[in-house]
Amino acid sequence: LLAVAAALKIYPAFLGLLLILDKKYLRAIRTVIYGVVLFFIPFFFFKEGIHGLPVFLSKIFKRTGTGVTVNWRVNGFSFDRMFNNLISIVEENFHVVFDKALISGLAFKLNTGSAVVCLACAFFMKKEWQKVLCCILGILYFNNQSVYGLCLLLIVLIVMIRSEQFVSKSTIVPLLCIINSCVILPIIDWNDHSYSIRDLRIQIGLFVLFVYIIAIAVKNVVIGIKAKKTDVKKVEAVSE
């Protein structure tokens, strides 16, 4: 099913990292093979055959290309869309002009960099829902996802509910941020400037989640280093 999802939408391939984290390497290899087969076979049902692949990829990148523009309808939750939203609000209300070309290039690099950070943090997570959160944030940050992409956070919410017995101090922040991002209502007119405020609310929530996973990863690394040092001291004490 993961292979089918990845073949259809590509981005679900990020979730394949969970197989590697669980050390299910053979399943990971099988999933990659299934995904590649399911991705390429449909091309042979069209007139262009495999030659349609470059056209398909060009359409994808053209459709999802990044950029900072003053356009209230351009939404999304990656860094370039966050910058676009903030710039639109500032320019609209304070009449300040920004170098959009420079910001766009920087934002695109931040998209890729933040996605890599999310996936890297997954290796230092202890809880399953935190690992899933890292993968989902990687998807949302890698490229500008529209509102429908937020449904992926429901996966994190379901895994969290199944694994956590109650809400604690350590889970309240990510839980509220996930719920905040999933609650889209009230529906706002696309032509209304208030639409950007809704996006900003979600973007802030996702950014808090981004900071959260980095903080947890750093915390777990520090705890691991301290534990190793303690073990070394115990061994030395026993040896003496």
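These figures come from a predicted structure and were not determined experimentally.

A.B. asks: Sorry if this is basic, but what is going on with the overall build of the protein chain here?
C.D. replies: Within the protein chain one finds ten helices and zero strands. Its helices and strands taken in sequence order, the protein chain reads α-α-α-α-α-α-α-α-α-α from the N to the C terminus. Looking at the protein chain as a whole, 39% of its 240 residues are labelled buried. Partitioning the intrachain contacts of the protein chain with sequence separation of at least 6 by distance along the chain shows that 66% fall at a separation of at least 24.

A.B. asks: Would you take a moment to explain the layout of surface pockets for this structure?
C.D. replies: Where empty space is left becomes clear once a probe the size of a water molecule has been rolled over the atoms. The space that makes up the second largest pocket amounts to roughly 350 Å³. Considering the residues around the second largest pocket, the lining is formed by 19 residues, among which Ala6, Ala13, Thr31, Val32 and Gly35 are closest to the centre. Listed by contribution, the elements that provide at least two residues to the lining of the second largest pocket are α1 (2-9), α2 (17-21) and α3 (25-40). If one sorts the elements of the lining of the second largest pocket by residue count, α3 sits on top with eight residues. By residue class, the composition of the lining of the second largest pocket is 16 nonpolar, three polar and no charged.

A.B. asks: How do you make sense of the pattern of salt bridges when you look at a structure like this?
C.D. replies: Any two side chains of opposite charge can pair, given that their charged atoms come close. A full pass over the atoms with the stated rule returns one salt bridge. Ionic pairing is found between Glu164 and Lys127, a salt bridge with its closest N-O pair at 3.1 Å. With Glu164 in the loop between α8 (153-163) and α9 (172-182) and Lys127 in the loop between α6 (100-121) and α7 (128-142), this pair connects stretches of sequence that are 37 residues apart.

A.B. asks: What exactly am I supposed to notice about α7 here?
C.D. replies: Along an α-helix, residues three or four positions apart point the same way, because every turn accommodates 3.6 residues. With 15 residues, α7 should cover 21 Å at 1.5 Å per step; its first-to-last C-alpha distance of 21 Å lies within 8% of that length. Counting buried residues in α7 gives 13 out of 15 residues, a clear majority hidden from the surface.

A.B. asks: Please clarify how helix α5 (residues 79-94) should be interpreted in this entry.
C.D. replies: If you check α5, its first and last C-alpha atoms are 22 Å apart, about what 16 residues at 1.5 Å a residue would give, namely 22 Å. Every buried residue of α5 is accounted for by Phe79, Asp80, Arg81, Met82, Asn84, Asn85, Ile87, Ser88, Ile89 and Glu91. Trailing α5 by a residue or two, His95 shows a phi angle of about 55 degrees, which is positive.

A.B. asks: I keep staring at the packing of α1 against α3 and nothing clicks. Help me out?
C.D. replies: For any two helices packed against each other, one specifies the inter-axial angle together with the distance between the axes. The interhelical angle for the contact between α1 and α3, taken along N-to-C directions, is 40 degrees, at an axis separation of 8 Å. It follows from the interaxial angle that α1 and α3 lie oblique. Crossing of α1 over α3 shows right-handed handedness. Mapping the contact onto sequence places Leu2, Ala3, Val4 and Ala7 in α1 and Thr31, Tyr34, Gly35, Leu38 and Phe39 in α3. Residues of the contact of α1 with α3, tallied by class, amount to seven nonpolar, two polar and no charged.

A.B. asks: Mind showing me how you'd approach the packing of aromatic side chains here?
C.D. replies: What characterises a pair of aromatic rings is the spacing of the ring centres plus the angle enclosed by the ring planes. As enumerated under the stated definition, the model contains nine aromatic pairs in all. Measuring from centroid to centroid gives 6.2 Å for Trp129 and Tyr212, while their planes differ by 15 degrees, and the two rings are stacked. In this pair, Trp129 sits in helix α7 while Tyr212 sits in helix α10 (residues 195-239), placing the two residues 83 residues apart along the sequence. Each member of the pair, Trp129 together with Tyr212, is buried. A network of ring pairs unites the aromatic residues Phe39, Phe40, Phe43 and Phe56 as a single cluster.

A.B. asks: What is the right way to read the state of the cysteines from this model?
C.D. replies: Applying the stated criterion across every chain, the model contains zero disulfides. We note that Cys182 lacks a disulfide partner, and the nearest cysteine sulfur, in Cys151, lies 8.6 Å from it.

A.B. asks: Even after reading the chapter, I still don't get the packing of α7 against α8, so can you show me in this structure?
C.D. replies: It is at 9 Å that the axes of α7 and α8 come closest, and there the two elements cross at 175 degrees. When the axes of α7 and α8 are compared, the pair comes out roughly antiparallel. Facing Glu128, Trp129, Val132, Leu133, Ile136 and Leu140 of α7, the residues of α8 in contact are Leu153, Ile155, Val156, Val159, Met160 and Ser163. Of the residues in the contact of α7 with α8, the class split is ten nonpolar, one polar and one charged.

A.B. asks: Help me out: how do you make sense of the nonpolar core in this one?
C.D. replies: In a soluble, globular protein the nonpolar side chains are often hidden away together inside. Judged by nonpolar contacts, the single largest core of 40 residues is most densely connected at Leu133, Leu153, Leu206 and Ile213. For this core, the elements supplying multiple residues, two or more each, are α2, α5, α6, α7, α8, α9 and α10. Considering every element that reaches this core, the biggest residue donor is α7, with ten residues. Leu153 has contacts with Leu133, Ile136, Leu140, Ile178, Ser181, Cys182 and Leu206, leaving out every residue within four places of it along the chain.

How each quantity is defined
Residues numbered from 1 in each chain as written. Predicted model: local features only at pLDDT ≥ 70, side-chain atom pairs only at ≥ 80, totals over all residues. Heavy atoms only, no water. Helix = DSSP H or I, 4+ residues; strand = E, 2+ residues; numbered from the N terminus. Buried < 20%, exposed > 50% of the residue type's maximum accessible area, 1.4 Å probe, protein only. Contact = heavy atoms within 4.5 Å. 1 Å grid on protein atoms, 1.4 Å probe; cavity = no way out; pocket = protein on both sides within 12 Å on 5 of 7 lines; lining within 4 Å. Points joined across faces, edges and corners; volume = space filled by probe spheres on them. Nonpolar A, V, L, I, M, F, W, Y, C, P; charged D, E, K, R; others polar. Salt bridge = Lys/Arg side-chain N within 4 Å of Asp/Glu carboxyl O. Expected span 1.5 Å × (residues − 1). Axes fitted to C-alpha atoms, helices over the stretch in contact; angles between N-to-C directions. Parallel < 35°, antiparallel > 145°, perpendicular 65-115°, else oblique. Left-handed = near helix turned anticlockwise from the far one by under 90°. Phe/Tyr/Trp six-rings, centres within 6.5 Å; stacked < 30°, edge-to-face > 60°. Disulfide = S-S within 2.5 Å. Core = buried A, V, L, I, M, F, W, Y, C linked by side-chain atoms within 4.5 Å.

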